[in-house]
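Next come the chains, spelled out residue by residue.
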Amino acid sequence: MKDYKELSQKAFELTQSEIERIKEPVVGLATGSTPEGLYQKMIEHYNKGYSYKHLTSFNLDEYIGLEESDPNSYHYYMNDKLFRHIDIKEEKAHVPSGITADFEKECASYEQAIKDSGGIDIQLLGLGVNGHIGFNEPGTPFDSQTHVVELEESTRDANAHFFASKGEVPRKAISMGIDTIMRSRKIILLVSGVKKSPALNKLLTKDVTERFPVSALHKHPDVTVIADEAAFTYVEKK
Ligand code: F6R
């Protein structure tokens, strides 16, 4: 893709065609800068008359310790960037809780809710500079399910721009595991910008290792990577 605009358009077309193909679609959603353009396109589509009433969604992750009303929580992000602008039903839009008293229970019930929905049809992913997907940092076992994670300093640095200062970036999060993600029937990985280029280059070497979480996708039968030209800056030509 030439640029972020084209990437967002392509991501929208692919996601939308899956959503329209399936009667009761279940979509896995990501937060961060990368999917914002895609969510904007979904809002535009809704404004032209399309209904997302039949959609069920599961977000990948949430920071631990942030209230839903906190502008840096992923609950807030999803409401702000997508949910409140379309007609998805509140009870069908799932985001793990970052403020529960019992995280073990929250993780287990999030997994169960995904299973009860029939499983994720299409999972959207962004890519961390360290190769994380969701908040699954390097070293996360490939058989992991929804769990509590300790965020790496590189992740806290990368996300600090959303906060007033780095000190405010939480140290822990709750995230779908690699196995949870891999059970999705179709996966779309969005990679935008020069900062992601070393990670994209590493992904394309095809080494599969828990030290580089996104490499698990090599073992999935249906993955589409949508990347812009900037993301190819450091990709070595074979
Ligand atoms: C967000 C998530 C993360 C981001 C990744 C890229 O829900 O799970 O894996 O997708 O950190 O973030 P951005 O898009 O901000 O570069």
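Scroll up to find the structure.
Here is a short report on the structure shown in this document. (Residues numbered from 1 in each chain as written. Predicted model: local features only at pLDDT ≥ 70, side-chain atom pairs only at ≥ 80, totals over all residues. Heavy atoms only, no water.)

### Examining the nonpolar core
Among the nonpolar cores identified, the biggest contains 36 residues, and Leu29, Tyr39, Met42, Tyr52, Met78, Leu82 and Phe83 are the most heavily contacted of them. Listed by contribution, the elements that provide at least two residues to this core are helix H1 (4–21), strand S1 (26–29), helix H2 (36–47), helix H3 (74–81), strand S5 (122–125) and strand S8 (186–191). Listed in part, the 27 residues of the second largest apolar core include Ile133, Ile181, Ile187 and Leu200. (Core = buried A, V, L, I, M, F, W, Y, C linked by side-chain atoms within 4.5 Å. Buried < 20%, exposed > 50% of the residue type's maximum accessible area, 1.4 Å probe, protein only. Helix = DSSP H or I, 4+ residues; strand = E, 2+ residues; numbered from the N terminus.)

### Comments concerning the pattern of salt bridges
Inspection of the entire model under this criterion finds 14 salt bridges. The partner of Arg183 in a salt bridge is Glu111, with the nearest N and O atoms 2.7 Å apart. Taken together, the positions of Arg183 in the loop between helix H6 (178–182) and S8 and Glu111 in helix H4 (residues 103–116) put the pair 72 residues apart, joining distant regions of the chain. Arg183 sits in the partly exposed class, given a relative accessible area of 33%. Between Lys166 and Asp157 there is a salt bridge, with its nearest N and O atoms 2.8 Å apart. Among the ionic contacts, a cluster of salt bridges with common partners joins Glu153, Arg156, Asp157, Lys166 and Arg171. (Salt bridge = Lys/Arg side-chain N within 4 Å of Asp/Glu carboxyl O.)

### Topic: unusual backbone geometry
In this model, Lys206 sits at a positive phi of 70 degrees, which is unusual for a non-glycine residue. Turning to its location among the elements, Lys206 is positioned in the loop between helix H7 (197–204) and strand S9 (223–227). Residue class for Lys206 comes out exposed when judged on its relative accessible area of 60%.

### Re the sheet that holds S5
Here we have six strands laid out as an open sheet, ordered S4-S2-S1-S5-S8-S9, and parallel in their pairing. Each end of this open sheet is capped by a strand with a single partner; those strands are strand S4 (93–94) and S9. As defined by bridge partners, S8 adjoins S9 across five bridges and the pair is classed as parallel. The partner of Leu189 across the bridge, within S9, is Val225. (Pairing = 2+ DSSP bridges.)

### Quick look at the packing of aromatic side chains
Scanning the model with the defined rule gives seven aromatic pairs in all. An angle of 45 degrees between the planes, with centres 4.8 Å apart, marks the rings of Tyr63 and Tyr74 as tilted. Note that Tyr63 is positioned in strand S3 (residues 61–63) and Tyr74 in helix H3, a separation of 11 residues in sequence. Judged by relative accessible area, Tyr63 falls into the buried class, the value being 1%. The exposure class assigned to Tyr74 is buried, which follows from its relative accessible area of 8%. An angle of 20 degrees between the planes, with centres 5.9 Å apart, marks the rings of Tyr74 and Phe135 as stacked. Of this pair, Tyr74 sits in helix H3 while Phe135 sits in the loop between S5 and strand S6 (147–150), and the two are 61 residues apart along the sequence. As far as the burial class goes, Tyr74 and Phe135 line up, both buried. Grouped by ring-pair contacts, the aromatic residues Tyr63, Tyr74, Tyr77, Phe135 and Phe163 constitute a single cluster. (Phe/Tyr/Trp six-rings, centres within 6.5 Å; stacked < 30°, edge-to-face > 60°.)

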